[in-house]
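Observations on chain architecture
So the chains spell out like this:
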Amino acid sequence: MARKSHVSTIVNGEPIEFLCDPPQTLLEVLREELQLTGTKEGCGTGDCGACTITLDGRLACACLVLAVEAEGRSIGTVEGIASGEHLHPLQKKFLEEAALQCGVCTPGLLVAAKALLDRNPQPTEQEVRYALAGNLCRCTGYDKVVRAVLDAAVEIGGESP
Amino acid sequence: MATIFFPKSFQAQTGGIDQVEVEALDIRGVFRALEARFPALGDRLRGGIAVAIDGEIVNDPLLEPVGPDSQIHFLPPISGG
Amino acid sequence: MSEPRKFHSVGTRPIRHDGLDKVTGRARFGADLSLPGMLYGKVLRSSHAHAHIRRIDPRPALQLEGVRAVITSADRPEIPSEHGTGGEGGPVDFRDLSRNVLARDKVLYHGHPVAAVAATNPRIAEEALGRIEVDYEILRPVLDVEAAMAPDAPLLHDDLYTRGVDPRPETPSNVAARIVIERGDTEKGFAEADVVIEREYRTETVHQGYIEPHAAVASTAEDGQSVLWCCTQGPFLVRSFCSKVLQLPISQIKVIPSEIGGGFGGKTTVYVEPLAILLSRRAGRPVKLVMDREEVFRATGPTSATSIRVRMGARKDGTIAAVKVRLVYAAGAFPGSPVVPGAMTMLAPYQLENVRIEGYDVVVNKPKTNAYRAPGSSMAAFAAESALDEIAQELALDPLELRLRNAVRTGSQAVYGPTFKAIGFVETLEAARNHPHYRAPLAPNQGRGVACGFWFNAGMQSTAAVNLTEDGSAVVVSGCPDIGGSRVSLALMAAEELGIPVERVRPVVADTETIGYNDVTGGSRVTFATGMAVIEATRDVVRQLCKRAALIWEVPVEQVEWREGEAHCRNGEAKDPLSLREIVRQAVRTGGPISGQASLTARGAGPGFGTHICDTEIDPDTGRVQVVRYTAVQDVGKAVHPSYVEGQLQGGVAQGIGWALNEEFVYDENGVLLNAGFLDYRIPVASDLPMIDTVLVEVPNPSHPHGVRGVGEVPIVPPLAAVANALFRATGVRFYRVPMSPPRVLEGLQSRK
Ligand code: FES
Ligand code: FES
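Values in this document were obtained by computation on a predicted structure and should not be read as measured data.

Details of the interface of chain C and chain A
Across the contact, 58 residues belong to chain C and 48 residues belong to chain A. Contact with chain A buries area across many residues of chain C, yet V23, I211 and M691 of chain C alone supply 17% of it, more than any other trio. Put simply, chain C and chain A have 7 salt bridges between them. Between D21 of chain A and R123 of chain C there is a salt bridge, and its shortest N-O distance comes to 3.2 Å. For the interface between chain C and chain A, the tally reads 24 residue pairs in polar contact (both at pLDDT 80 or more). Counting only elements with at least two residues in the side of chain C that touches chain A, the list comes to α1 (19–24), α4 (122–131), α19 (642–661) and β28 (692–697) of chain C. Top contributing element to the side of chain C that touches chain A by residue count: α19 of chain C, with 9 residues. Residue composition of the side of chain C that touches chain A, grouped by class: 30 nonpolar, 18 polar and 10 charged.

Thoughts on the sheet that holds strand β8 (residues 133–138) of chain C
Residue and element names in this part refer to chain C. Pairing is antiparallel in the open sheet, where 3 strands are placed in the order β6-β2-β8. The sheet is open, and its two borders are formed by β6 (106–107) and β8, each paired with just one other strand. Two elements, strand β2 (residues 51–57) and β6, share 2 bridges in a ladder whose sense is antiparallel. Within β6, the residue paired with H52 across the bridge is K106.

Some remarks on the layout of surface pockets
Here the second largest pocket defines a volume of roughly 850 Å³. Surrounding the second largest pocket, 39 residues form its lining, E28 and E41 of chain A together with K42, P122 and D292 of chain C being those nearest its centre. Mapped onto the lining of the second largest pocket, the elements with two or more residues apiece are α1 (26–33) of chain A together with β1 (39–45), α4, β14 (287–290) and α9 (293–299) of chain C. The greatest single-element share of the lining of the second largest pocket, amounting to 4 residues, is contributed by α1 of chain A. Partitioned by chemical class, the residues of the lining of the second largest pocket number 16 nonpolar, 8 polar and 15 charged.

A look at the domain arrangement of chain A
All names here are of chain A. As far as domains go, chain A holds domain 1 (5–80) and domain 2 (89–156). Inter-centroid distance (C-alpha atoms) of domain 1 to domain 2 is 22 Å. With 12 residues of domain 1 at the interface, the matching set in domain 2 holds 10 residues. Counting each side, the surface lost to burial between domain 1 and domain 2 is near 840 Å², with a carbon and sulfur contribution of 68%.

About the criteria used
Residues take numbers from 1 onward in each chain, read along the sequence in its written order. Chain letters and ligand numbers both follow the written order, the letters beginning at A and the numbers at 1. Note on the predicted model: pLDDT of at least 70 is required for a residue's local features to be given, and 80 or more for side-chain atom pairs to be given and counted; whole-chain, interface and lining totals, by contrast, use all residues. Note that the side-chain values use all heavy atoms of the structure and ignore hydrogens as well as water. Here, residues are in contact when the closest pair of their heavy atoms is within 4.5 Å. Accessible area that two parts lose when put together, with a 1.4 Å probe and added across both, is what the buried area reports. The term salt bridge refers to a pairing of a side-chain nitrogen on Lys or Arg with a carboxyl oxygen on Asp or Glu at a separation within 4 Å. N or O atoms closer than or at 3.5 Å make up a polar contact, with two conditions inside protein: a donor-capable atom paired with an acceptor-capable one, and, for residues adjacent in sequence, both atoms drawn from side chains. The helix count covers DSSP runs of H or I at least four residues long, the strand count covers runs of E at least two residues long, and both are numbered beginning at the N terminus. Throughout, the ten residues Ala, Val, Leu, Ile, Met, Phe, Trp, Tyr, Cys and Pro are labelled nonpolar, Asp, Glu, Lys and Arg are labelled charged, and all others, Gly among them, are labelled polar. Between any two strands, at least two bridges found by DSSP are needed for them to pair. Cavities and pockets are defined on a 1 Å grid built over the protein atoms alone: a cavity is a set of grid points where a 1.4 Å probe fits but cannot escape, while a pocket is an open set with protein on both sides within 12 Å along at least five of seven lines, and lining residues are those with an atom within 4 Å of any such point. Grid points are joined across faces, edges and corners, and a volume is the space filled by probe spheres set on the points. In this document the domain limits rely on a domain assignment from an automatic tool or a database.

Next comes the structure, spelled out in structure tokens:
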């Protein structure tokens, strides 16, 4: 058997080390080795966005990244969106506005929406729709998702001076 | 007397009759009366069907009460996605 | 329900109890469980759409290091033909089910499972699949539903004789069944009609497209009991289907439902579940078996491709004089397309005197279809509602007016037989006509269409339990997986009856050994039927609370009344009310813990009707159609949690728009699916859709204590025709075939010139 590779990363702010087989995707390692199952697999081919994470702050599909590529990089997943006990405004708005039905797309949508608001704090409806176009949701028709993101933007805008 | 309506697919067993009246308190009574009159219907009445009793659909019925003026239709079982 | 009841919890919009776990990534779905020592399973699938299996040799795979088990159908009992009730309530033949799970001597579609392996990691399992030797004798496949009916078509099953024709045919064919619904005299009706049209419609195979692939984790204990964790709409159904397929007693199987990432009917049968159990029994280790997306598309139940012919006649005043329909539905590899509900629902919104609907269930070399939201209805409504639009056009009548003139009302006879009790179809038509959307101005290249839809809604069997805790809150236990907010709805109904805030009610979904039997989450039945069980169980609890209060007060129980979460004494003595908390605190001395349970077969599911308005805009250069505004009006009985009711409407509409404009399975002539991924099987993304406005009409269902009727199915019924009708009004071109994808639309536009 091929030798395992040793990888050092930062996941949601915490240093993490793991061993992996060279062909393993980052998605598989997050889910099966690190038990961070919040990141979902909907397709494995980069088409659904259920596995959306951030890699050094940029959005990526974890299913398209090899685990060994995470060496020395910083990974952000849905598990890291809330700070401690405090939900992120996006999470709050998703709950208040029923922006999830089955909820399997929700982790990816939250990570993608947060990345959008981090770089564009006051997006238009159209900007939200285009920013989330890589995240499939089959349950909601996106109406309540888009509204939740727009309302979260307003709430975040209201908080900062 | 409750009125029982037969769909086309039952009429081979009822000799072309499309409705009958029976005296019964519940669906079991209806089925017994029907089977006595149309023995060939027996198999069809033993599962895998639904009835509408006065517009309410019930899958696999037996003990549902039947009123004196009830209208009963046979349907295939229905559920959905 | 004589006068409208005032509710304090039902009809509000609290945060769902399971929401926190879902926005933080804690919620565990089908593929999220890992067990110590767990193996990974993979399925070997047929590389041909139609072939005899001459021989399978699994031995080379077993020699690979890390492989712990390989199974083929030789490892499974052959089971006889036996009809039972399927997940969608329709009939299922367990022999077919068993052969669909794992092919026996014949493969019937590309992707049909032929073997499965379990290994220490997924990559070894994958490699092992390549080592299994299968010797096929390739047969000619048949894919098109009309072609499959031809006398010289290749036969899928040499023992399939058409049911529903008299006398029974002497030769087998691909036509599994024929059904007829008939009333009045259509020839006489057509003779009286002032306008008659005759049209043919086609729809393609489409998939439910849930984002979470099927997944199961099975482990087997030394006593032979297998515990299965899986994502399903019906844990009890999975238990009974696995028990049939594997010929194991029910008691040897326990099913724990995970959170479920969408189903829409597609998770009302078994695929990987029995294989995971069998592998775990073989290997003596837990086994995780997860489908990838390609497998989901190639081998799980989509819904039927159809071919539909409609002849419709109407009088000048707009009343429909006669309708004659021929429906042909592709069932996939085994009989059981949704042609029956298609035939029953297609014209259900209208009062018809003369009608004849003939339906055919036809097998083809594609995966066996499974339920998809209002099974069979969307395609039938595409045809019926498009034809009605043409009639309205010919008679120069407003399309909503035409429908109003023919609409069923309370007391009308449904085309499938019975008379309707309280229904709200007319109310939806009127609400649509009065909606500002209906009169809003349109821009160039835009058009507006309307269409209606119907679904029966299901009742079936449910069990629920309500347990009071020591601090006076309540736990509501049901056995129906929550696919889109049903837990919070059940909690709201319990809170309503108990008179306590919904935050003090915890709803949970239990496994098959913790709660009594429940039919599937499907058919829009959970909030209705399981809701009824929850209400009954809660009322039982309230009765006990009153009894306990009576004991504490030393008064007859008749003098105790339950109001707003407290027991009140009515015997004139000034006694302070006893709160639920207080009664529970004293429970140990008055008879012990308080809990209630109810099991029932729910009857009286109220039928649902919807009316949709759709504006489309066409890009004349590319043929691309964009839906720019959409309003869905529906009679929802009573909206228990209006946000999730709106969500059901919006989600159904989005699926319907995808079906109308983009989605279709594309096969090559060998029966290989060419677009088995989300890149090429394109479901709507956020930038494809507008906001979807909803109007909730509430005509209470008299058979439910809170007036509830199912809501989830109806919204996928009208969109195909609503989009086609809008497109016609934008372009003057009528499309008889979905999807109305850019190339087809361009072709249509060019034919206009
Ligand atoms: S799982 Fe990575 S994009 Fe779908
Ligand atoms: S909520 Fe189910 S896929 Fe988005």
